[in-house]
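Next come the chains, spelled out residue by residue.
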Amino acid sequence: ITQEQFILASQSLHLQRPGCDAVYPVGLYGWRKRCLYFFLLLLLVTMIVNLALTVWIIKVMNFSVDGMGNLKLNQDGIRMEGISEFLLPLYVNEIQSRRDSLLVLRSDKNVTLNARNEQGLLTGQLTVGPEAVEAQCQRLEVRSRDGGTLLFTADEEEVIMAAEKFTVTGSEGAVFGHSVETPLIQARASEDLKLESPTRTLTMEAPRGVEVSAAEGSLKVSGRKDLQLESTEGEILLDANAVQFGGLPLGTYTASPRQTSQEQTVYEVCVCPSGKIYLSPAESSSTCQAMSNICLWS
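Residues numbered from 1 in each chain as written. Predicted model: local features only at pLDDT ≥ 70, side-chain atom pairs only at ≥ 80, totals over all residues. Heavy atoms only, no water.

What the second largest pocket holds in volume is close to 2600 Å³. Lining the second largest pocket are 47 residues, and of these F86, L90, I95, L103 and L105 sit closest to its centre. Elements represented by at least two residues in the lining of the second largest pocket include exactly β4 (78-80), β5 (111-116) and β6 (122-128). Of the residues belonging to the lining of the second largest pocket, the class tally is 23 nonpolar, 14 polar and ten charged. (1 Å grid on protein atoms, 1.4 Å probe; cavity = no way out; pocket = protein on both sides within 12 Å on 5 of 7 lines; lining within 4 Å. Points joined across faces, edges and corners; volume = space filled by probe spheres on them. Helix = DSSP H or I, 4+ residues; strand = E, 2+ residues; numbered from the N terminus. Nonpolar A, V, L, I, M, F, W, Y, C, P; charged D, E, K, R; others polar.)

Strand order in the open sheet formed by three strands is β5-β6-β7, with antiparallel pairing between adjacent strands. Because the sheet does not close on itself, it has two edges, and the strands there are β5 and β7 (133-136). Adjacent strand axes in the sheet meet at a mean angle of 10 degrees, parallel and antiparallel pairs treated alike. Inspection of the sheet shows β5 paired to β6 by six bridges, in the antiparallel sense. Looking at the pairing, R116 lines up with L122 of β6. (Pairing = 2+ DSSP bridges. Axes fitted to C-alpha atoms, helices over the stretch in contact; angles between N-to-C directions.)

Looking now at the pairing of β6. Between β5 and the antiparallel strand that follows it, β6, lie five residues; G120 among them carries a positive phi value of about 85 degrees. Two strands pair when backbone bridges link them, and β6 and β7 are joined in this way by four bridges, in the antiparallel orientation. Within β7, the position partnered with V128 by the bridge is V133. The antiparallel pairing of β6 with β7 creates a hairpin that spans four residues between the two strands.

Quick look at the nonpolar core now. One finds C270, C272, Y278, C288, I294 and C295 forming the largest nonpolar core, which totals six residues. Not counting the four nearest positions on each side in its chain, C272 is found in contact with Y278 and C295. (Core = buried A, V, L, I, M, F, W, Y, C linked by side-chain atoms within 4.5 Å. Buried < 20%, exposed > 50% of the residue type's maximum accessible area, 1.4 Å probe, protein only. Contact = heavy atoms within 4.5 Å.)

Taken in spatial order, the three strands make up an open sheet running β8-β9-β10, and their pairing is antiparallel. In the strand order of this sheet, the two ends are held by β8 (140-143) and β10 (159-161), each with one partner. Sheet twist, expressed as the mean angle between neighbouring strand axes with direction ignored, is 10 degrees. Two elements, strand β9 (residues 150-154) and β10, share three bridges in a ladder whose sense is antiparallel. When the sheet's bridge partners are listed, F152 is paired in β10 with M161.

Attention now goes to the UniProt feature "transmembrane region" (unreviewed entry) in the chain. Per the UniProt record, the feature "transmembrane region" (unreviewed entry) sits at residues 36-58. In residues 36-58, the share of helix is 100% and the share of strand is 0%. The end C-alpha atoms are 33 Å apart. (UniProt positions renumbered as here; feature names shortened; annotations may be inferred.)

Here it is, written out as structure tokens:
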């Protein structure tokens, strides 16, 4: 159809457009509009307060790209400055202090360090309490500062002290409940060395001999009861400028009338078959036979 035919056809139809009787406004008016503005204002205030609180927390906690406050995150781990408090258990691989400061572990009760294996079983424990320090492990080792020299080790079977010198400074000395094995027992310079067993016997044994010497002083061996020097396959040698026996008993002897008026000053030493030593007045001949009755009481 051509344009002219379309115009002629439309004029002949006399089409009428529908009229608009009423106009409806679009929008919020009245109390709805006021409520919307109130909620928008409240949301804006809340956003501003949240933003201010966020900035304040960042400022107070000192957040940065490396961490927050005294807590710094490094490639090697976590670095903390100052005093840190942990309310729950802490699981770490290594704890190390700064080079110019000490590492202090502080607790109101006990400080316990636990070591566990891959199955989670407890293999070692160190407890520092107000009354004692307890270590529970298979083997306890104490090494030198460089970590190379072993100074002390203890396990279920033995305790080894590998230090060059073991010093006991207590006034009562060292008390051992059982035997002690050592190559040398030596006192400090200008001090006495005393080996004592108040209620039992003191025994020193060695497969190749026991040497007791005092280089610059006297050696004193005393006992409340018997003192025995016994050699099963050798001899007992007393090598000294003078050998003195003090407190030997003196036997009774009926002296001749000539010696009664004179004070006896010379005696001879007699030995009983049991080994008891006693004194007897010296005569031209031995008087030990006359004094043999003292051996009956030995």
